[in-house]
Amino acid sequence: MNDFRNQSPWGSSPGGGGGNGGFRRGPTPPNIDEVIKKIQSLLNRFLGGGKGGAKPIIVGLLIIITLWGLSGLYRVLPDEQGVVLRFGKFVNTTQPGLNYHFPYPIESVITPKVTKVNRMDIGFRSERDSGFSSGGVADVPEESLMLTGDENIVNIDFSVFWVIKDAGNFLFKIQDPEGTVKAAAETAMREVIARSNIQPILTEGRSVIETETQEIIQKILDEYTSGIQITQVQTQKADPPDQVIDAFRDVQAARADMERSKNEAEAYANDVIPRARGEAQKILQAAEAYKKEVVAKAEGEASRFLAIYNEYAKAKQVTQERMFLETMETVLGDINKIIIDKNSGSGVVPYLPLPELKKAENN
């Protein structure tokens, strides 16, 4: 029996050299039979050896095999995904809970966090990225300066938030996940800015730009089978370049004054025009009423004239006298008058206050 006191369990000497019964280190595969024999010899020495030691050897091997098999159990936490590797090659992913894989060295498992929200800043570097101690932000012009659709330059900083959607693809389908997200985000933002005018970019159009950019980034990453899910694109700043920002603000102020004057003019027009329309309608209605009144009067006079003419044609003398009396009634109806009979004689004094007498009689 070989002496194992100065050898390792696999037959190599303490200095690393191979013995006659062992196997050499290196690419040469071990002799399985010799390995098993050496393990049996070690167990015999440990358990008392001899012919009666066969049963303890079997029991020990069963225990070792059982423990080896149970070592394949593993637990995936709720915020993780299990990535199973077979001889170092990706096989599949497992969900949270208790799972099993072939024990090491056949299979192994990696459990990356998949619910952690990661952030990628583009166009600037915050304190956590740049190492500032005063809370400053470093601008990165080569990332932030972009050309708009109306041939203006805008300085835009934004952040991309993402999580791991498929851990297997994330670990093995792309070599540099963060670099991939950054390149895809910058490409998508430049595409959206290139087809937008500068005014909506600086004012009310940011939400639309963020949504379109997120969709394009996700499409690019899905084509790469990256296993990454973009949760949000957030614009941090959108300004003209620093060299022209003062002039641009003057233009913005002038545009704001123009909009204010335009709104005031529209408000005045909205006040004056309805009133003018109301007055015009009132005048039209009055004219229509006057027209109807005049026409009705003319028609009445014409009818009256025709009726009088017909009577006049029948009895001219009577009609003339009637017309004279009606005319006198109309002319003298509203004035004070004294009627003296011509047959009363000459007893009338030359002056008599006849109107006063008339008033006295009425009182």
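Because the structure is a prediction, the values reported are computed rather than measured. (Residues numbered from 1 in each chain as written. Predicted model: local features only at pLDDT ≥ 70, side-chain atom pairs only at ≥ 80, totals over all residues. Heavy atoms only, no water.)

A. Region of the structure containing the sheet that holds strand β3 (residues 89-94). Spatially, the three strands line up as an open sheet ordered β3-β2-β5, and their pairing is antiparallel. Edge positions in the sheet fall to β3 and β5 (107-110), since each has one partner strand and no second. Looking at each pair of strands side by side, their axes are set apart by 30 degrees on average, direction ignored. Where strand β2 (residues 82-86) and β3 come together, five bridges link them in antiparallel fashion. Note on β3: the bridge partner recorded for R86 is K89. (Pairing = 2+ DSSP bridges. Helix = DSSP H or I, 4+ residues; strand = E, 2+ residues; numbered from the N terminus. Axes fitted to C-alpha atoms, helices over the stretch in contact; angles between N-to-C directions.)

B. Main features of helix α6 (residues 177-194). Along its 18 residues, α6 runs 26 Å from first to last C-alpha, staying within 8% of the 26 Å computed at 1.5 Å per residue. Here α6 has its buried residues at P177, T180, V181, A184, A185, E186, A188, M189, V192 and I193. (Expected span 1.5 Å × (residues − 1). Buried < 20%, exposed > 50% of the residue type's maximum accessible area, 1.4 Å probe, protein only.)

C. Spotlight on the pairing of strand β1 (residues 73-76). Alternating residues of β1 divide into Y74 and V76, all buried, and L73 and R75, none buried. Strand direction decides the pairing type here: β1 and strand β4 (residues 97-100), joined by four bridges, are antiparallel. Bridge assignment links Y74 to a residue of β4, and that residue is N99.

D. Region of the structure containing the packing of aromatic side chains. Counted according to the given criterion, the structure contains one aromatic pair. Relative to F170, the ring of W162 has its centre 6.0 Å away and its plane inclined at 40 degrees; by these criteria the two rings are tilted. The class of W162 is buried, set by a relative accessible area of 3%. (Phe/Tyr/Trp six-rings, centres within 6.5 Å; stacked < 30°, edge-to-face > 60°.)

E. Main features of the nonpolar core. Among the nonpolar cores identified, the biggest contains 35 residues, and V160 and I217 are the most heavily contacted of them. Counting only elements with at least two residues in this core, the list comes to β2, β6 (118-122), β10 (153-164), α5 (167-172), α6, α7 (198-202), α8 (206-223) and β11 (228-239). Not counting chain neighbours up to four residues away, the residues in contact with I217 comprise V160, A184, A185, A188, I230 and V233. (Core = buried A, V, L, I, M, F, W, Y, C linked by side-chain atoms within 4.5 Å. Contact = heavy atoms within 4.5 Å.)

F. Structural view of the pairing of β2. In terms of burial, β2 is a largely internal element, four of the five residues being buried. Where β2 lies against β5, four bridges are found, and the strand directions are antiparallel. Residue L85 lies in a different strand from β5, and its bridge partner there is S108.

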